[in-house]
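Structural overview
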Amino acid sequence: MTESTRYAAEIVEPVEARGETVLDCIGWTPLLELKRLARAAGVPESARILAKAEHFNPGGSVKDRLALALIEDAEARGLPAGGTIVEATSGNTGISLAMAAAVKGYRLQVVASTKVSQEKLRLLRALGAEVHVTPNVPHGDPRHYTAVAKRLAAEIPGAVYLDQFHSPVNARIHEERTGPEILGQALRAAGRLDAFVCGVGTGGTFAGIASYLRRESPDTRIVLADPEGSVLAGAPDFRPYLVEGIGDDSTPPLFDPSLVDESVTVSDRESFRFALLAARLEGLIVGGSSGSHLAAAAEVARRLGPGAVVATVLPDTGRNYLTKFFDPAWCQEHGLTDLHREVAR
Ligand code: PMP
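Residues numbered from 1 in each chain as written. Predicted model: local features only at pLDDT ≥ 70, side-chain atom pairs only at ≥ 80, totals over all residues. Heavy atoms only, no water.

**Describing helix 7 (residues 168-190)**
Between the first and last C-alpha of helix 7 there are 32 Å, a value that for 23 residues agrees with the 33 Å anticipated at 1.5 Å per step. The largest bend along helix 7 reaches roughly 40° and is located at glutamate 175. The N-cap residue of helix 7 is serine 167: its side-chain oxygen and the backbone nitrogen of valine 169 are 3.1 Å apart. Immediately downstream of helix 7, the backbone of glycine 191 shows phi near 80°, a positive value. (Helix = DSSP H or I, 4+ residues; strand = E, 2+ residues; numbered from the N terminus. Expected span 1.5 Å × (residues − 1). Bend = angle between axes of the 7 residues up to and from the residue. Polar contact = N/O pair within 3.5 Å; in protein donor to acceptor, adjacent residues only side chain to side chain.)

What follows is the structure, encoded as structure tokens:
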């Protein structure tokens, strides 16, 4: 056997062990230590930022585990073969659902707002989903994407509205899978976990992981990372902001504020600056909410000081935003003056 055939023989088995379809490749994402980013953010040498790289999921985001679990739940409740699924999404749940629906043979109708990037809408269509785009209006407006999704599901005979905003499956899947993955990986890598930092969109990721950590690692501080403009960290008034996927104008049903030990508010500029730093310093192409999480994680690590171990989540791939904050012209147009120049220095 030559060196290269020996290599092939060795790698074939773990690849096959992952399973038959793309859905078998969901989860068990790596927990990466971001040393260069931590030093650039002024985190002490011995403190560590660990990031759960959810963009390694085949659908490119933290929503893959959820999408599969939501469809399996709908199947258990009688979703017929070839049936229609409807969902309201800021894009990533839709992409994960479209991937799973393709493999399982369901039709998918997705409702998203105009805030959602063109890249995500194109991915949805590429995966075979039918996409409805609604104006970016507050909750309560009949044109809000969740209201439109609910109406659409009622109009299509036999259609099932998955409703990630209310489904108990959403928090449960992260409590059963993502939480244990993070804690196990952090303990193997660093022997302890002092803080966990995460934002809230539907709140499923936060609620699931935070509940698990409360139970299994009660000394871990739970930190909410919230965009400036969102009301979840206690701001009195909502103001639109650019980061996609986290924060809101009202408290989502799955978000339990009693799980929060402290909140860190992050501006659009800091969020995108950290996402750009992740690309330049760590080779990681991640989205704006990953930047919010990293900015908040760095603040917590600086405050906790030497030896601290802080974990967070990188919810999605930055390939969703190449025409947005990765584009210097887009940043200039949106008031993020000279952001790219600042990061390049
Ligand atoms: N980041 C991005 C980019 C997202 O799309 C979402 C989902 N809305 C989140 C973070 C937050 O995840 P969750 O819905 O579980 O709170």
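**Quick look at the sheet that holds strand 4 (residues 107-113)**
Here we have four strands laid out as an open sheet, ordered 5-4-3-6, and parallel in their pairing. Only two strands of the sheet have a single neighbouring strand rather than two, namely strand 5 (130-134) and strand 6 (160-161). In terms of strand pairing, strand 3 (residues 84-88) meets strand 4 through five bridges, oriented parallel. The partner of threonine 84 across the bridge, within strand 4, is arginine 107. Together, strand 4 and strand 5 form the strand contacts of helix 5 (residues 118-126), whose direction differs from that of strand 5 by roughly 150°. (Pairing = 2+ DSSP bridges. Contact = heavy atoms within 4.5 Å. Axes fitted to C-alpha atoms, helices over the stretch in contact; angles between N-to-C directions.)

**Structural notes on the site of the ligand**
Not every one of the 16 residues close to the ligand is listed here, only the nearest: Lys63, Gly201, Thr202, Thr205 and Ser289. At 2.5 Å from an oxygen atom of the ligand is found a side-chain nitrogen or oxygen belonging to threonine 205. Considering the ligand on its own, with 390 Å² of exposed area, one finds that the protein chains cover 96% of that surface. With respect to the pocket detection grid, the ligand is positioned in the largest pocket. Among the residues forming the shell around the ligand, the class breakdown is four nonpolar, nine polar and three charged. Formed jointly, the shell around the ligand draws a minimum of three residues from each of two domains, domain 1 (3-56 + 177-344) and domain 2 (63-161). (Near = heavy atom within 4 Å. Areas by Shrake-Rupley, 256 points an atom, 1.4 Å probe, with all protein chains shown as cover. 1 Å grid on protein atoms, 1.4 Å probe; cavity = no way out; pocket = protein on both sides within 12 Å on 5 of 7 lines; lining within 4 Å. Sits in = over half its atoms within 2 Å of the grid points. Nonpolar A, V, L, I, M, F, W, Y, C, P; charged D, E, K, R; others polar. Domains from an automatic or database assignment.)

**Re the domain arrangement of the protein chain**
By the assigned domains, the protein chain splits into domain 1 (3-56 + 177-344) and domain 2 (63-161). With 28 residues of domain 1 at the interface, the matching set in domain 2 holds 19 residues. Both faces considered, domain 1 and domain 2 share a buried interface measuring about 1700 Å² in area, 51% of it formed by carbon and sulfur atoms. Three residues stand out in domain 1 for area buried against domain 2, namely Leu23, Ile26 and Asn320, and they jointly supply 36% of the buried area on that side. Arginine 65 is paired through a salt bridge with glutamate 181; the nearest N and O atoms lie 3.0 Å apart. Summed over the shared surface of domain 1 and domain 2, the result is 15 residue pairs in polar contact (both at pLDDT 80 or more). A breakdown of the residues in the side of domain 1 that touches domain 2 according to their chemical character gives nine nonpolar, nine polar and 10 charged. (Buried area = accessible area lost by both parts, 1.4 Å probe. Salt bridge = Lys/Arg side-chain N within 4 Å of Asp/Glu carboxyl O.)

**Some thoughts on unusual backbone geometry**
Among all residues save glycine, negative phi is the norm, and among peptide bonds the norm is trans. For tryptophan 28, which is not glycine, the phi dihedral falls at a positive 50°. Relative to the assigned elements, tryptophan 28 resides in the loop between helix 1 (3-17) and strand 1 (31-33). Residue class for tryptophan 28 comes out exposed when judged on its relative accessible area of 60%. Even without being a glycine, aspartate 163 presents a positive backbone phi close to 55°. Mapped onto the elements of the fold, aspartate 163 is located in the loop between strand 6 and helix 7. We classify aspartate 163 as buried; its relative accessible area is 16%. (Buried < 20%, exposed > 50% of the residue type's maximum accessible area, 1.4 Å probe, protein only.)

**Describing the packing of aromatic side chains**
A full pass over the atoms with the stated rule returns seven aromatic pairs. Geometrically, the ring pair formed by phenylalanine 206 and phenylalanine 255 is edge-to-face, given 5.7 Å between the ring centres and 75° between the ring planes. With a gap of 49 residues between them, phenylalanine 206 in helix 8 (residues 204-216) and phenylalanine 255 in the loop between strand 8 (221-227) and strand 9 (262-266) connect regions that are remote in the sequence. Accessibility classification places phenylalanine 206 together with phenylalanine 255 in one group, the buried group. Taken together through their ring pairs, the aromatic side chains of Phe272, Tyr321, Phe325, Phe326 and Trp330 make up a single cluster. (Phe/Tyr/Trp six-rings, centres within 6.5 Å; stacked < 30°, edge-to-face > 60°.)

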